Amino acid sequence: YMTEKIWLALSRGSIPIYIGSDSIDEMLPVKNSYVDLRKYDTIEALATELREIATNETRYDEYTSWRYAHPSAWSDGFRLLLRVMSSDIKVGICSILQKGESEYMKAAPLGGCEHNWNVFGMPHAKIPAVGKPTNPLDHLHKLCDEPTQACYKFKHPEYKFIPAPAVAAR
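Definitions and cut-offs
Residues numbered from 1 in each chain as written. Predicted model: local features only at pLDDT ≥ 70, side-chain atom pairs only at ≥ 80, totals over all residues. Heavy atoms only, no water. Helix = DSSP H or I, 4+ residues; strand = E, 2+ residues; numbered from the N terminus. Buried < 20%, exposed > 50% of the residue type's maximum accessible area, 1.4 Å probe, protein only. Contact = heavy atoms within 4.5 Å. Areas by Shrake-Rupley, 256 points an atom, 1.4 Å probe, with all protein chains shown as cover. Disulfide = S-S within 2.5 Å. pLDDT = per-residue confidence, 0-100. Core = buried A, V, L, I, M, F, W, Y, C linked by side-chain atoms within 4.5 Å. Salt bridge = Lys/Arg side-chain N within 4 Å of Asp/Glu carboxyl O. Expected span 1.5 Å × (residues − 1). Arc of directions from axis to C-beta. Polar contact = N/O pair within 3.5 Å; in protein donor to acceptor, adjacent residues only side chain to side chain.

S.K.: Teacher, can you tell me more about the overall build of the protein chain here?
M.R.: Helix and strand counts for the protein chain come out as 6 helices and 6 strands. Expressed as a percentage of its 170 residues, the buried residues of the protein chain come to 19%. Partitioning the intrachain contacts of the protein chain with sequence separation of at least 6 by distance along the chain shows that 40% fall at a separation of at least 24. Of the roughly 13,000 Å² that the protein chain leaves accessible, carbon and sulfur atoms contribute 58%.

Listed below in structure tokens is the structure:
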């Protein structure tokens, strides 16, 4: 199984940030078509890479050049998924809706996921509210009413603000 979210990001021209199955490379066009979160031990290392992609055209092109390559350069799994997804899905959906459970059995639960990975070098279980969206302000103390970084301090001392890079005007 692979979530459609990574496909949606690719289809919209984004560079997805991914953590999950080791077999992801078989389902995506090339290894450099996404940022593999498992390769980064710290949030600083990830932020440095994302900054580099956002501010350096050569680095950005390394992640997006697959779009201009001949499809034979893409993984077999990606090409197969494109073929399957490109078929007229409406026919399949209509058939399922018309025939219902008498023809299409209800899917059985798969037994859950294995969650034993690290995020930024820390076991995921030690990260508060894993899997639940949180308000970024839940992690900050507000020190004043100005809309500046100086008015906020992280509640967790191991977190720190990463300065934004200077971007040269084009």
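More follows now that the structure is in view.
S.K.: I would appreciate a short explanation of the state of the cysteines in the present structure.
M.R.: Disulfides are covalent bonds that connect the sulfur atoms of two cysteines. With the rule as written, the count across this model stands at 1 disulfide. Through a disulfide, Cys144 is tied to Cys151; the S-S separation comes to 1.5 Å. Sign of the S-S torsion, about -65 degrees for the bond between Cys144 and Cys151, identifies this disulfide as left-handed.

S.K.: Explanation requested: the confidence of the model for the protein chain in the structure shown.
M.R.: Segments scoring low in pLDDT should not have their predicted coordinates read at a detailed level. Residue-level pLDDT values for the protein chain average 78, and 70% of them are 70 or greater. Per-element confidence in the protein chain ranges from a low mean pLDDT of 68 for strand β3 (residues 118–119) to a high of 94 for strand β2 (residues 35–36).

S.K.: Mind showing me how you'd approach the nonpolar core here?
M.R.: When a protein is soluble and globular, its nonpolar side chains tend to lie buried together. Among the nonpolar cores identified, the biggest contains 10 residues, and these are Ile6, Trp7, Leu10, Tyr18, Ile24, Leu28, Tyr34, Trp66, Trp74 and Phe78. Here this core takes 3 residues from helix α1 (residues 4–11), the largest share from any one element. Formed by 7 residues, the second largest nonpolar core is a distinct cluster that contains Ile15, Leu37, Leu46 and Tyr63.

S.K.: Honestly, the pattern of salt bridges in this entry has me stumped. Any pointers?
M.R.: Side chains that differ in charge, positive against negative, can pair when their charged atoms come close. Taken as a whole, this structure holds 6 salt bridges when the rule is applied. A salt bridge links Glu62 to Arg59, with the shortest nitrogen-to-oxygen separation between them at 2.1 Å. Pair noted here: Glu62 and Arg59 are both in helix α4 (residues 57–64), with a separation of 3 residues, about one helical turn. Owing to a relative accessible area of 35%, Glu62 belongs among the partly exposed residues under this scheme. Note that Asp76 and Arg79 form a salt bridge whose closest N and O atoms lie 2.2 Å from each other. With a gap of 3 residues between them, Asp76 and Arg79 both fall in helix α5 (residues 76–86), about one helical turn apart. For Arg79, a relative accessible area of 28% puts it in the partly exposed group. One connected set of salt bridges, linked through shared partners, spans Asp22, Asp36 and Arg38.

S.K.: Which parts of the structure should I look at to understand helix α3 (residues 43–55)?
M.R.: Since the α-helix turns once every 3.6 residues, residues separated by three or four places project in the same direction. The end-to-end C-alpha distance of α3, which contains 13 residues, comes to 18 Å, matching closely the 18 Å that a straight helix rising 1.5 Å per residue would cover. Taken together, the buried positions of α3 are Leu46, Ala47, Glu49 and Ile53. Projection of α3 onto a plane perpendicular to its axis shows the buried side chains occupying an angular sector of 160 degrees, all on one side. Where α3 is buried, its residues touch β2 and α4.

S.K.: I'm lost on the side chain of Glu49 in this one. Help?
M.R.: Within the element layout of this structure, Glu49 appears in helix α3. In this structure the side chain of Glu49 is engaged in a polar contact, spanning 2.5 Å, whose partner is the side chain of Arg59. Sequence-distant contacts of Glu49, defined by excluding residues within four places in its chain, comprise Tyr40, Arg59 and Tyr63.

S.K.: Sorry if this is basic, but what is going on with α1 here?
M.R.: Taken together, the buried positions of α1 are occupied by Ile6, Trp7, Ala9 and Leu10. Down the axis of α1, the smallest arc covering the buried residues is 160 degrees, so these residues share one side. Looking at α1, the residues exposed on the side facing more than 90 degrees away from the buried face are Lys5 and Ser11. Looking one or two residues past α1, Gly13 carries a phi angle of roughly 85 degrees, positive in sign.

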